[in-house]
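Structural characterization, general
Chain by chain, the residues:
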Amino acid sequence: MSWLTRLTTLVNQRLGIRLSLEGREDTFRQAVNVRAAALGLTTPEEYVARVSRTGGSEEEFQSLVLLVTNGHTSFFRDLEQLMMWRQVLTQDAPTRRLQVWCAGCSTGEEAYTIAMLCKELGLAVEVLGTDINKASLTIAQHAHYDPWTTRRIPEEYARFLVSAGEQLRVADSVRASVRFQQHNLLHTPPRPAAGQKWDVIFCRNVFIYFPLEEVGHVARWFASALAPDGHLLIGASERLPDLKRWVIQSKGSRHTYQLAAMNDEESHQTEWSLASQLETPRSSPADAPPLSSVAPFLDAPPPLDLRAAPATAMTLPSDEDVEAFSQVNVLIEAKSNHLAVVDVRKFLDAHPNHVPALLTLGCLELAQHRFDDALAAFGAAADADPFLPDTYLFQGITHRKLGNLETARQSLQRALFLAPEFWPASFMLIGVYERLGQHKELTRELRRTLGVLNGGQDTEHLSPGVHRLFYPRADEVREACLIYAEKGAQF
Ligand SMILES: C[S@@+](CC[C@H](N)C(=O)[O-])C[C@H]1O[C@@H](n2cnc3c(N)ncnc32)[C@H](O)[C@@H]1O
């Protein structure tokens, strides 16, 4: 067993957190080096030996986890979602003191934002901010912030911050309604100060660090801790796995979740509920043709239009960069992949976190069967922006090609967790389940793919690169799925 695997097992045993290393091994290695140096050790192996031998203090594991989880946050981080929630509050003004749990609150900005929003509406509120990371909570309690993290605060809320030298301090009236407590989301939820259940739970941008089954686990805790008419708010690109349990209210890409009224039997059903237009099977899946044979087109990388890069791209390219990149596209169209790689790498020297460029590089490497280089590029893209489903799709495709079926499954599931109707990922997953011999899961993904393609929602989640690669093949994919379903899948 590698030291990395030993260490993640130890973290799991000690803290109950299952760290997903996928595409993040370098970050993890760096973190271990930092902690090893802090303890006067020189190699990761020595560090693992030390924490295994001593049983490792919980604090040491937390320091390590802190280095691999991202505590990025700011005041009024997602104004659109907050305004949606504000509308809910104004339409249905609570008569009692509102009890809000801000789970995974990092350094406190979100918990204070919630309190400010309620105060501005004249509502009485109590907010509990929790996080696993003690160091973040100390900052939260201190309530002093650099102006950068307050940059998104709308004018009408500026009065809730007072100047404190070069920093800004949260006004006492707001601080008085917010408290902080350490809590691991995998454990029993905390109770509100008044009442039995939470009126509102915020848990934004935390799920990305959990494997899927853990998200289900946390979501069940939330369901048990939320008042029947309460609201759960998660990040815009996050999804809950057990949708039957929840009623979703949406405005654009922002959602609030409320508990669905359901009987016991229903509450145990956790399958995705995509409508299927399919016939009853005539024979067993074993008779069906291998579906993996319909995806040879994946060898070509998608040409890229930098202007149409996903909104999550880190930097906006200059005209010069766009020009340089159009040359890359010419090379890609001409199938001169090895020359295109040189140009993309040059571009990345100036823009190391440019996600579309990293994805293009990964696809070019993949097309040339340089799988390690492809995975390195996709890993860097995931580090730069962990919320882009495209990255996990390409990681999944690469692992699938390498025969790492279990890792491929995890990557593709991650893509689908971020974008449940991302049919290129569910389509790829069918082939993985086929090779793993998992027919129930295969059937579910076949249904999902057909449900999306039959429903005409086939472009919603596709970024320009993925769109160009997959969209022209949508009919081909749909056809292949239908043949497969007719020949044998069990529905
Ligand atoms: C990206 S921050 C999100 C901050 C804030 N919710 C926001 O959206 O601005 C993710 C936070 O989740 C916390 N976290 C990660 N795993 C956790 C766990 N198992 N229990 C509690 N908090 C956790 C991290 O420590 C980190 O502060």
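Just above, that's the structure.
Quick caveat: nothing in here was measured; it's all calculated off a predicted structure.

Analysis parameters
Residues numbered from 1 in each chain as written. Predicted model: local features only at pLDDT ≥ 70, side-chain atom pairs only at ≥ 80, totals over all residues. Heavy atoms only, no water. Near = heavy atom within 4 Å. Polar contact = N/O pair within 3.5 Å; in protein donor to acceptor, adjacent residues only side chain to side chain. Areas by Shrake-Rupley, 256 points an atom, 1.4 Å probe, with all protein chains shown as cover. Nonpolar A, V, L, I, M, F, W, Y, C, P; charged D, E, K, R; others polar. Pairing = 2+ DSSP bridges. Helix = DSSP H or I, 4+ residues; strand = E, 2+ residues; numbered from the N terminus. Phe/Tyr/Trp six-rings, centres within 6.5 Å; stacked < 30°, edge-to-face > 60°. Buried < 20%, exposed > 50% of the residue type's maximum accessible area, 1.4 Å probe, protein only. Lys NZ or Arg CZ within 6 Å of the ring centre and 35° of its normal. Expected span 1.5 Å × (residues − 1). Arc of directions from axis to C-beta.

As for the site of the ligand
Of all residues adjacent to the ligand, which total 20 residues, the nearest are T73, R77, E110, D131 and N205. Contacts to the ligand include E110, whose side-chain N or O atom sits 2.7 Å from a nitrogen atom. Within the side chain of D131, a nitrogen or oxygen atom sits 2.7 Å from an oxygen atom of the ligand. When isolated, the ligand has an accessible area of 600 Å², and the protein chains bury 98% of it. Across the shell around the ligand, the residue classes tally to five nonpolar, 11 polar and four charged.

Here's the deal with the sheet that holds strand β5 (residues 167-170)
What holds strands together in a sheet is hydrogen bonding between their backbones, with the strands either parallel or antiparallel. Pairing within the open sheet is antiparallel, and its three strands lie in the order β3-β5-β4. Edge positions in the sheet fall to β3 (144-145) and β4 (161-164), since each of these pairs with one other strand and no more.

A look at the packing of aromatic side chains
Given two aromatic rings, one states the distance between the centres and the angle between the planes to describe the pair. Applying the stated criterion across every chain, the model contains 10 aromatic pairs. On the numbers, 5.5 Å between centres and 75° between planes, the contact of Y112 with F180 is edge-to-face. Highlighted residues: Y112 in helix α6 (residues 109-120) and F180 in strand β6 (residues 178-182), separated in sequence by 68 residues. The exposure classification of Y112 matches that of F180, with both residues buried. Among the aromatic residues, ring-to-ring pairing joins F75, Y112, Y145 and F180 into one connected group. The ring of W148 carries R151 above its face, with NZ or CZ at 3.9 Å from the centroid. Sitting above the plane of the Y392 ring, R414 keeps its charged end 5.8 Å from the centroid.

Describing helix α12 (residues 337-350)
Look at α12: 20 Å from first C-alpha to last across 14 residues, which is about the 20 Å you get at 1.5 Å a residue. Of all the residues in α12, the buried ones are N337, A340, V341, V344, F347 and L348. In an axial view of α12, the angular spread of the buried residues amounts to 125°, which keeps them on one side of the axis. Exposed and facing more than 90 degrees away from the buried side of α12 are H338, K346, D349 and A350.

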